Amino acid sequence: APQIIVYDFVCQLAPYCLICEPDYFGQTCFVVDESHASDHTKCSRASHAGFVMQYDPQLQAINTSAAKVGNSEASKFRKSISYMTQCHAIQY
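As a starting point, this report considers the structure included with it. (Residues numbered from 1 in each chain as written. Predicted model: local features only at pLDDT ≥ 70, side-chain atom pairs only at ≥ 80, totals over all residues. Heavy atoms only, no water.)

**Things to note about helix α1 (residues 10-20)**
This is how the line gets drawn: Buried residues are those whose accessible area, probed at 1.4 Å on protein chains only, stays under 20% of the maximum for their type, while exposed residues exceed 50% and partly exposed ones sit between those limits. Runs of E in the DSSP output that reach at least two residues are strands. Runs of H or I that reach at least four are helices, and both are numbered from the N terminus. Working note: the arc is built from the helix axis to C-beta atom directions. Any two residues having at least one pair of non-hydrogen atoms within 4.5 Å are treated as being in contact.
Every buried residue of α1 is accounted for by V10, A14 and C17. Along the axis of α1, the buried residues cluster in a sector spanning 75°; they form a single face. Seen from the open side of α1, the exposed residues pointing more than 90 degrees away from its buried face are Y16 and I19. Along its buried surface, α1 packs onto β1 (4-7), α2 (22-25) and β2 (29-32).

Structure representation (structure tokens):
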């Protein structure tokens, strides 16, 4: 199982994972990424990346916004790829 899962909606993902697969996800740390933590006003601060980073040096090395940046970059060519065949899209 992954040691850490950083996700914008982890407050819903964590209970789901722990109910469905408690043995697999039992030791996994679920963390709300920094860019979305301020929107999670009803969630415990203990699930916010900024809070966890203070106590877990392993998380300090993780860019919690990496997926968001990657999705932003992918959106630039998503429409073009939707018109291509799979073989052509892979080459693109």
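**A few points about the packing of aromatic side chains**
The condition that has to hold: Think of it this way: a Phe, Tyr or Trp ring, Trp meaning its six-membered ring, pairs with another when their centres are within 6.5 Å, and the plane angle makes it stacked under 30 degrees, edge-to-face over 60, tilted otherwise.
Within this structure, the stated rule accounts for two aromatic pairs. When the ring of Y24 is compared with that of F25, the centres are 4.8 Å apart and the planes differ by 90°; the resulting orientation is edge-to-face. Since its relative accessible area comes to 46%, Y24 is described here as partly exposed. Take F25: its relative accessible area is 14%, and that puts it in the buried class. Note on F25 and F30: the rings are 6.1 Å apart at their centroids and 45° apart in plane angle, and the pair reads as tilted. We note that F25, like F30, is buried. Taken together, the aromatic side chains of Y24, F25 and F30 make up a single cluster linked through ring pairs.

**A few points about the nonpolar core**
Short version of the rule: Here, the term nonpolar core denotes a set of buried Ala, Val, Leu, Ile, Met, Phe, Trp, Tyr and Cys residues that are joined through side-chain atoms within 4.5 Å.
Of all hydrophobic cores here, the largest spans seven residues; its members are I5, V10, A14, C17, F25, F30 and V32. Those elements that provide at least two residues to this core are α1 and β2. In terms of residue count, the dominant contributor to this core is α1 (three residues). Residues within four places of C17 in sequence aside, it is in contact with P22, F25 and F30. V31, V52, M53 and L59 belong to the second-largest nonpolar core, a separate cluster that totals five residues.

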